[in-house]
Amino acid sequence: MNEDLILDILSGNLLYLLGAILLIIVILKGVKIVPQSEKYVVERFGRLHSVLGPGINFIVPFLDVARHKISILERQLPNATQDAITKDNVLVQIDTSVFYRILEPEKTVYRIRDVDGAIATTVAGIVRAEIGKMDLDEVQSNRAQLITRIQEAVETAVDDWGIEVTRAEILDVNLDQATRDAMLQQLNAERARRAEVTKAEGQKRAVELQADAELYAAEQTAKARRIQAEAEAYATEVVAKAIAENGLEAAQYQVALKQVESLTALGKGEGKQTIVVPAHALEAFGNAFNLLKGAK
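Remember, it's a predicted structure, so these values are computed and weren't measured experimentally.

J.: Can you help me understand the overall build of the chain in this one?
T.: Regarding its fold elements, the chain presents eight helices and nine strands. The buried share of the chain, reckoned over its 296 residues, is 22%. Considering only contacts in the chain between residues 6 or more positions apart, those separated by 24 or more positions represent 65%. Carbon and sulfur atoms form 57% of the exposed surface of the chain, whose accessible area is close to 21,000 Å².

Right, dumping it as structure tokens:
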């Protein structure tokens, strides 16, 4: 009885149940909630119709299909190594890393099949072309400039694919062993040259300082001689003035005083010694004594 009742109810409301189920399917098909990190490419009858951004979106059920779900997060290509020849014919190995993100999924989906492979091939070609324009020393010293040029060239090449290259890095520049040995010899020669230059500059500075010292000593000697000459000139002037004022006796007094001082200093010599005094010296001593006595 109960089963018959249930069957009657279901048969009477089957149309409503089918309608409810169809409504649920339509809602599920027509409403698309896109995550923040993705975009959906919608096709209608196999052709591009629209691109759904993050959030809630509405499409026509059974006509529109979200065919491609593309992540818009930044991606990193696997590190790649490629050979390149510099302008001065040196073989180098360049390790590169590229970061990119998809800005226009409709271009990426319908214009390129293997995005990572296409970007890697493009980067390899551009790196070889840019390295070929530079000498090895420029590659080593201007790495930042080289990275900027590579990034700009890659951005231009992948613009039609709806991709933005956010960063390009040169991780390492490797050389073969022969080139390394040659560079080491060049580095040692440069160090030796700098050491010789430093030594020569030091010797030059020492000579300059020695010359300055000798010049300073000569200037000081000349200054001392000048002062001594001025002192002697002053003394002579004083004696001449005394002679002019007091007559010849003043000059004789000065001479006698010097003679007495000389004999006194000679007599104070250390040790046993014999002093031979000329006869006129004794006479001069007497005269000096008389002059000194008279001066008192």
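Next, the rest of the story.
J.: How should I be thinking about unusual backbone geometry in this particular structure?
T.: Trans peptide bonds make up most of the peptide bonds, and negative phi angles are found at most residues other than glycine. The backbone of phenylalanine 45 shows a phi angle near 55°, a positive value even though the residue is not glycine. Tracing the chain through its elements places phenylalanine 45 in the loop between strand S2 (38–44) and strand S3 (47–52). Residues other than glycine seldom take positive phi values, yet asparagine 89 does so here, at roughly 60°. Its location among the elements puts asparagine 89 in the loop between strand S7 (80–85) and strand S8 (91–102).

J.: It is not clear to me how the pattern of salt bridges should be interpreted in this structure. Could you clarify?
T.: When charged atoms on two side chains of opposite charge get close, those side chains can pair. Applying the stated criterion across every chain, the model contains ten salt bridges. A salt bridge links glutamate 190 to arginine 193, with the nearest nitrogen and oxygen atoms 2.5 Å apart. With glutamate 190 and arginine 193 both in helix H6 (residues 177–246) and three residues apart, this pair spans about one turn of that helix. The class of glutamate 190 is partly exposed, set by a relative accessible area of 27%. Taken together, the salt bridges that share partners define one network made up of Glu130, Lys133 and Arg149.

J.: Please clarify how the confidence of the model for the chain should be interpreted in this entry.
T.: Model confidence for the chain is summarised by a mean pLDDT of 80, while 76% of its residues fall at 70 or above. Element-level mean pLDDT values for the chain span from 54 in helix H8 (residues 279–295) up to 94 in S2.

J.: What is the right way to look at a negative patch on the surface in this model?
T.: On the surface, Glu152, Glu155, Asp159 and Asp160 cluster together into a negatively charged patch. By the element assignment, glutamate 152 lies in helix H5 (residues 143–157). A residue is classified by how much of its surface remains accessible, and glutamate 152, at 48% relative accessible area, is partly exposed.

J.: Would you take a moment to explain helix H3 (residues 115–131) for this structure?
T.: An α-helix turns once every 3.6 residues. As a result, residues three or four positions apart point the same way. In this model, H3 (17 residues) spans 24 Å end to end at C-alpha, consistent with the 24 Å of a helix rising 1.5 Å per residue. Taken together, the buried positions of H3 are Val115, Ala118, Ile119, Thr122, Val123, Ala124, Ile126, Val127, Glu130 and Ile131. Its buried side turned inward, H3 meets S7, S8, helix H2 (105–111), helix H4 (136–141), H5 and strand S9 (163–175).

J.: Mind showing me how you'd approach the sheet that holds strand S5 (residues 64–71) here?
T.: Pairing between sheet strands relies on hydrogen bonds along the backbone, with the strands arranged either parallel or antiparallel. Taken in spatial order, the three strands line up as S3-S2-S5 in an open sheet, and their pairing is antiparallel. In the strand order of this sheet, the two ends are held by S3 and S5, each with one partner. Put simply, the sheet's adjacent strands are angled 30° from each other on average, direction ignored. The pairing of S2 with S5 spans seven bridges and is antiparallel. Bridge pairing links glutamate 43 to valine 65 in S5.

J.: Is there a simple way to think about the packing of H3 against H5 in this case?
T.: A pair of packed helices is characterised by two quantities: the angle between their axes and the separation of those axes. H5 packs onto H3 with a crossing angle of 135° between their chain directions and a minimal axis gap of 10 Å. It follows from the interaxial angle that H3 and H5 lie oblique. Remark: the crossing between H3 and H5 carries right-handed chirality. Seen from H3, the contacting residues are Thr122, Val123, Ile126, Val127, Glu130 and Ile131; seen from H5, they are Leu146, Arg149, Ile150, Ala153, Val154 and Ala157.

J.: Help me understand the nonpolar core in this model?
T.: The tendency in soluble globular proteins is for nonpolar side chains to be buried as a group. If you look at the biggest cluster of nonpolar residues, it comprises 33 residues, and the most contacted ones within it are Val92, Ile119, Ile131 and Ile163. Looking at this core, the elements that each hand over two or more residues are S8, H3, H4, H5 and S9. Here the element with the most residues in this core is H3; it accounts for seven residues. Excluding residues that lie within four positions of it along the chain, isoleucine 131 makes contacts with Ala84, Ile85, Thr86, Lys87, Val92, Ile94, Val139 and Leu146. Residues Val34, Tyr40, Leu52 and Ile59 belong to the second largest nonpolar core, which totals five residues.

Cut-off values and rules
- Residues numbered from 1 in each chain as written.
- Predicted model: local features only at pLDDT ≥ 70, side-chain atom pairs only at ≥ 80, totals over all residues.
- Heavy atoms only, no water.
- Helix = DSSP H or I, 4+ residues; strand = E, 2+ residues; numbered from the N terminus.
- Buried < 20%, exposed > 50% of the residue type's maximum accessible area, 1.4 Å probe, protein only.
- Contact = heavy atoms within 4.5 Å.
- Areas by Shrake-Rupley, 256 points an atom, 1.4 Å probe, with all protein chains shown as cover.
- Salt bridge = Lys/Arg side-chain N within 4 Å of Asp/Glu carboxyl O.
- pLDDT = per-residue confidence, 0-100.
- Patch = residues over 30% accessible without salt bridge, like charges linked within 9 Å, V, L, I, M, F, W, Y side chains within 5 Å.
- Lys, Arg positive; Asp, Glu negative; His and termini not counted.
- Charge placed at Lys NZ, Arg CZ, Asp CG, Glu CD.
- Expected span 1.5 Å × (residues − 1).
- Pairing = 2+ DSSP bridges.
- Axes fitted to C-alpha atoms, helices over the stretch in contact; angles between N-to-C directions.
- Parallel < 35°, antiparallel > 145°, perpendicular 65-115°, else oblique.
- Left-handed = near helix turned anticlockwise from the far one by under 90°.
- Core = buried A, V, L, I, M, F, W, Y, C linked by side-chain atoms within 4.5 Å.

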